[in-house]
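Next come the chains, spelled out residue by residue.
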Amino acid sequence: MTQPPEPAPCVAELSDVRRHYQMGTEVVRALDGIDLSIRRGEYLAIMGRSGSGKSTLLNILGLLDRPTSGEYSLEGKPVSTLSDKQLSEVRGRNIGFIFQSFNLIPQLTVLENLEVPLFYQNAIGPESRRKAEELAVRVGLSGRLKHRPTELSGGQQQRVAIARALMNDPLYLLADEATGNLDSNTEAEILTLLDELHAEGITIIMVTHNPAMGDRAERVVWLADGRIHHIEEHAR
Amino acid sequence: MMWRGGAQVVSLGFKSLMLHKLRSALTTLGILIGVAAVVAMLAIGEGASQAAQEQIKRLGSTNILIQSIKPPVNEQSSGQSSWSANIYGLTYQDARRIRATLGPHIELMVEVRLNDKEIRVADQWLQSAMLGTAPDYLDVMGLKVARGRWLSDTDNRTLANVCVLGGNVASRVFPMSDPIGSVLKASGNRFVVVGELEPLGRQSGHVGRSIDECVFVPMSTSRRRFGEINIKESGGSREIESVELHEIKVKVDTEDNVAHASEVIKNLLQRSHKQQDYSMTVPLELLRQARESKRRFQLLLFSIALISLIVGGIGIMNVMLATVTERTREIGIRRALGARKRNIIDQFLVETVVLAGAGGVLGLIVGLLFSWAAHLFWDADVYVRPRDPVMAFAISGLVGIFAGVYPAWRAANMDPVEALRHE
Ligand SMILES: Nc1ncnc2c1ncn2[C@@H]1O[C@H](COP(=O)(O)OP(=O)(O)OP(=O)(O)O)[C@@H](O)[C@H]1O
Ligand SMILES: [Mg+2]
């Protein structure tokens, strides 16, 4: 029996996804017919000019936003029929967000910030604590668990955010200009960390303006005016 | 796990509130003042009303009291020294008429006549009131015999020269010995002491005389020996007045008949008295009035409480709206990390309830302290019903929820994308 040459299974699939905003009489087509499959374990970059719809696409991939039309399915299951509550639960279980401005909760310690995603799954306990400690070590932040975000540097804060995004073992990490607020040295460190995570099998989707960063990805999706202009495949 | 989650939400609420200590404290103050005011006012109001009701109840809820009062001196007759001005008050005939008219509705009825007398006991002189009355007096007034016996019907029929000593008289005149069988002298008459009452120990009596200070004699004896003339000597002048009865007490059979009976008596007396030389007291009516005024007072308190709590609630709502706006981004982050709308609502509601609850607890403490101080320094009657603090606390919690629902709802219904973009 020969193993059929299966294509890498898709984590997510978008077909003819549109996101339109009604601005008075005018319609802003932030996304205008996107067909895209996200492969499991891939490192995908989304690039394009400002206003081309990168963040909009990422928000839809992260279930923070709903398409105006078109279908989006996660692991084969369409999500357009899910209620707000169900979307929240899917976000909590399956998606890891990394933001440009870190977005840690200032009144919580590092440890508490790490536990937030599990808190909403009622999974806080010794287990979650151990996991937070492991991930803190993994991103190079051991010994900072009791600190507040304001006591950390930008790079350290972004490491916390990455660790937090991994707490729920997500299907993929979504990063919107994750290094936009960092100097180039720190940026390189964070990118190295993402490379390592990818090497460990984590699916990463990142929005960036920086071509050097795009080069690290396996595929680059170029957007223009809400459409996919072309897709660049990088051999590894 | 659920419990852990709940505890975590509460501790998170505390943390967020501690981030703005002054603001949280000021917000709490609004509720604190409201709750403290309610607790203190209820305690003082309830104390005053209970004291009043207690006093009225002591008079007996089925009793009707009629007292002789000296009518105001008429301007025209004041020039001539008139006898008539000094003849006033209730008469034996009034008593007979009341008895005849009300008949079966009367459970007990007693007439009282006070004779101010210098009484000689052994070798002491005693200024006291010889109080002429009927045997029923004991029951009507709720008195108890300490030693010997009370006046009997036979005493009354036979015009016996016997007397019973009020609680304080006995202990003052006969501190050591048994007074029974001793002899008193008043206006040249000898009275044998047949009994002694237990002191009442409180201020209650007739025409300014405490019951404990009186000496009791049968009505018929009083009438025969002392007549109706009282001579009051004050300073250099002597005042002569004639009063047949100083007081009539009617105990009606049931509370339901009190209103009717008092109406009958009023009409009866109005017909036979040309001047207003008597007064009527109906404790039940007073009690009703006291309850009525208490109800009105409570309504007022309730309105004040409501207003202050609404003001406090608006304060909380205001602060919570500001907090929600300020923490828009945090809300976006939490939503992105899997928080359901419900979780966001819980989070902000818990904060509001913690604020209001803290205000409730502190307000309760301040209110109780204030009531206590009012009792200590102003001698106010204070009574805290057990349900009042519970109520104050429940109300503050409710205010918290009412004030918190809208801000929490707003927080939960933000668009996560917008919230994350918020600066
Ligand atoms: N809430 C909104 N209402 C109206 N128009 C919107 C809204 N959000 C985005 N848009 C529009 O959609 C288009 C795509 O926006 P998006 O934020 O996805 O761009 P982007 O590629 O992320 O740009 P940048 O690189 O500057 O972040 C833009 O023209 C923007 O003006
Ligand atoms: Mg963008």
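Residues numbered from 1 in each chain as written. Chains lettered and ligands numbered in written order. Predicted model: local features only at pLDDT ≥ 70, side-chain atom pairs only at ≥ 80, totals over all residues. Heavy atoms only, no water.

1. As for a nonpolar patch on the surface
All names here are of chain B. Judged by side-chain polarity, Val361, Leu362, Ile365, Leu369, Phe370, Trp372, Leu376, Phe377, Trp378 and Phe393 come together as a nonpolar surface patch covering roughly 1100 Å² of accessible area. Per-element tally for the nonpolar patch: the top contributor is helix α11 (residues 341-378), with 9 residues. Considering the arrangement of structural elements, one finds Trp378 in helix α11. (Patch = residues over 30% accessible without salt bridge, like charges linked within 9 Å, V, L, I, M, F, W, Y side chains within 5 Å. Areas by Shrake-Rupley, 256 points an atom, 1.4 Å probe, with all protein chains shown as cover. Salt bridge = Lys/Arg side-chain N within 4 Å of Asp/Glu carboxyl O. Helix = DSSP H or I, 4+ residues; strand = E, 2+ residues; numbered from the N terminus.)

2. Considering the packing of helix α9 (residues 283-326) of chain B against α11 of chain B
Residues and elements named next belong to chain B. The interhelical angle for the contact between α9 and α11, taken along N-to-C directions, is 145°, at an axis separation of 11 Å. By crossing handedness, the relation of α9 to α11 is classed as right-handed. For the pair α9 and α11, contact is made by Ile316, Met320, Thr323 and Val324 and by Phe348, Glu351, Thr352, Leu355 and Ala356, respectively. For the contact of α9 with α11, a count of residues per class yields 6 nonpolar, 2 polar and 1 charged. (Axes fitted to C-alpha atoms, helices over the stretch in contact; angles between N-to-C directions. Left-handed = near helix turned anticlockwise from the far one by under 90°. Contact = heavy atoms within 4.5 Å. Nonpolar A, V, L, I, M, F, W, Y, C, P; charged D, E, K, R; others polar.)

3. Some words on the packing of aromatic side chains
Counted according to the given criterion, the structure contains 7 aromatic pairs over all chains. For the pair Phe97 of chain A and Phe99 of chain A, a centre-to-centre distance of 5.7 Å together with 5° between the ring planes defines the contact as stacked. Across the pair, Phe99 of chain A and Phe97 of chain A agree in class, each one buried. A centroid spacing of 5.6 Å and a plane angle of 45° characterise the contact between Tyr137 of chain B and Phe216 of chain B, whose relative ring orientation is tilted. One end of the pair, Tyr137 of chain B, is in helix α4 (residues 137-141); the other, Phe216 of chain B, is in strand β10 (residues 214-218), and 79 residues separate them in sequence. Of the two residues, Tyr137 of chain B and Phe216 of chain B, both sit in the buried class. By the ring-pair criterion, three or more aromatic residues cluster together here, those being Tyr137, Trp150 and Phe216 of chain B. Between the NZ or CZ atom of Arg223 of chain B and the centre of the ring of Tyr92 of chain B, over which it lies, the distance is 3.7 Å. (Phe/Tyr/Trp six-rings, centres within 6.5 Å; stacked < 30°, edge-to-face > 60°. Buried < 20%, exposed > 50% of the residue type's maximum accessible area, 1.4 Å probe, protein only. Lys NZ or Arg CZ within 6 Å of the ring centre and 35° of its normal.)

4. Describing the layout of surface pockets
Roughly 620 Å³ of volume is contained in the largest pocket. For the lining of the largest pocket, the secondary-structure elements that each account for two or more residues are α1 (54-61), β6 (95-98) and β7 (172-176) of chain A together with α13 (416-421) of chain B. The dominant element in the lining of the largest pocket, judged by the number of residues it contributes, is α1 of chain A, at 5 residues. Among the residues forming the lining of the largest pocket, the class breakdown is 9 nonpolar, 12 polar and 6 charged. (1 Å grid on protein atoms, 1.4 Å probe; cavity = no way out; pocket = protein on both sides within 12 Å on 5 of 7 lines; lining within 4 Å. Points joined across faces, edges and corners; volume = space filled by probe spheres on them.)

5. Comments concerning the domain arrangement of chain B
When its domains are assigned, chain B resolves into domain 1 (2-55 + 289-421) and domain 2 (70-276). Look at where the C-alpha atoms of domain 1 of chain B and domain 2 of chain B centre, and you get two points 59 Å apart. (Domains from an automatic or database assignment.)

6. Quick notes on the site of ligand 1
Residues in contact with ligand 1 amount to 16 residues; listed here are only the nearest, Ser50, Gly51, Lys54, Ser55 and Thr56 of chain A. More than a single chain frames ligand 1: its nearby residues are located in chains A and B. One nitrogen or oxygen atom from the main chain of Gly51 of chain A is found 2.8 Å from an oxygen atom belonging to ligand 1. Side-chain polar atom of Thr56 of chain A to an oxygen atom of ligand 1: 2.5 Å apart, as the coordinates give it. For ligand 1, whose accessible area on its own is 630 Å², the fraction buried by protein is 70%. Put simply, ligand 1 lies in the largest pocket. Elements with a contribution of two residues or more to the shell around ligand 1: β1 (10-23), β2 (26-39) and α1 of chain A together with α13 of chain B. No other element matches α1 of chain A, which puts 3 residues into the shell around ligand 1. Class assignment for the residues of the shell around ligand 1 results in 4 nonpolar, 7 polar and 5 charged. (Near = heavy atom within 4 Å. Polar contact = N/O pair within 3.5 Å; in protein donor to acceptor, adjacent residues only side chain to side chain. Sits in = over half its atoms within 2 Å of the grid points.)

7. Overview of the confidence of the model for chain B
Mean pLDDT for chain B: 82, with 92% of residues reaching 70 or above. In the predicted assembly, ipTM is 0.94 and pTM is 0.71. (pLDDT = per-residue confidence, 0-100.)

8. Quick word on the nonpolar core
Of all hydrophobic cores here, the largest spans 107 residues; its most connected members are Leu61, Tyr72, Tyr172 and Leu194 of chain A. Considering every element that reaches this core, the biggest residue donor is α11 of chain B, with 7 residues. Setting aside anything within four residues of it in sequence, one finds Leu194 of chain A in contact with Tyr43, Ile98, Ile162, Leu173, Ile204 and Met206 of chain A. Grouped together as the second largest cluster of nonpolar side chains are 23 residues, Ile66, Ala95, Leu268 and Leu269 of chain B included. (Core = buried A, V, L, I, M, F, W, Y, C linked by side-chain atoms within 4.5 Å.)

9. Describing the pattern of salt bridges
The tally for this structure, following the rule as stated, stands at 30 salt bridges over all chains. The salt bridge involving Arg335 of chain B is made with Asp84 of chain A; its shortest N-O contact spans 2.9 Å. Residue Arg335 of chain B is located in helix α10 (residues 328-336), and its partner Asp84 of chain A is located in helix α2 (residues 84-94); the two belong to separate chains. Judged by its relative accessible area of 1%, Arg335 of chain B falls in the buried class. Relative accessible area serves as the criterion here: at 28%, Asp84 of chain A is assigned to the partly exposed category.

10. What about empty space enclosed by the protein?
Residues and elements named next belong to chain B. Within this structure, the stated rule accounts for 3 cavities of 30 Å³ or more. The calculated volume of the largest cavity comes to roughly 80 Å³. Lining the largest cavity we find Ser16, Leu17, His20, Arg23, Ser24, Val319, Met320, Thr323, Arg327, Glu351 and Leu355. Breaking the lining of the largest cavity down by element, the ones donating at least two residues are α1 (2-18), α2 (21-58), α9 and α11.

11. What to know about the pairing of strand β4 (residues 69-74) of chain A
Residues and elements named next belong to chain A. Summarising the sheet, β1 and β4 pair through 5 bridges and their orientation is antiparallel. Residue pairing across strands places Ala12 opposite Leu74, the latter belonging to β4. Looking at chain direction, β4 and strand β5 (residues 77-78) are connected through 2 bridges and run antiparallel. When the bridges of β5 are listed, Leu74 appears paired with Lys77. Taken together, β4 and the strand that follows it, β5, pair antiparallel across an intervening segment of 2 residues, in which Glu75 is found at a positive phi of about 50°. (Pairing = 2+ DSSP bridges.)

12. Brief notes about the interface of chain B and chain A
Each side of the interface is counted separately: chain B has 28 residues, and chain A has 27 residues. Across the chain B/chain A interface, buried area totals approximately 2500 Å², and carbon plus sulfur atoms make up 58% of it. Taken together, the connections running from chain B to chain A amount to 2 salt bridges. In this structure, Glu89 of chain A and Arg340 of chain B form a salt bridge, with 2.7 Å as the shortest nitrogen-oxygen distance. Elements supplying a minimum of two residues to the side of chain B that touches chain A: α1, α10, α11 and α13 of chain B. A total of 8 residues in the side of chain B that touches chain A trace back to one element, the largest contributor, which is α1 of chain B. Its residues assigned to classes, the side of chain B that touches chain A comprises 12 nonpolar, 6 polar and 10 charged. (Buried area = accessible area lost by both parts, 1.4 Å probe.)

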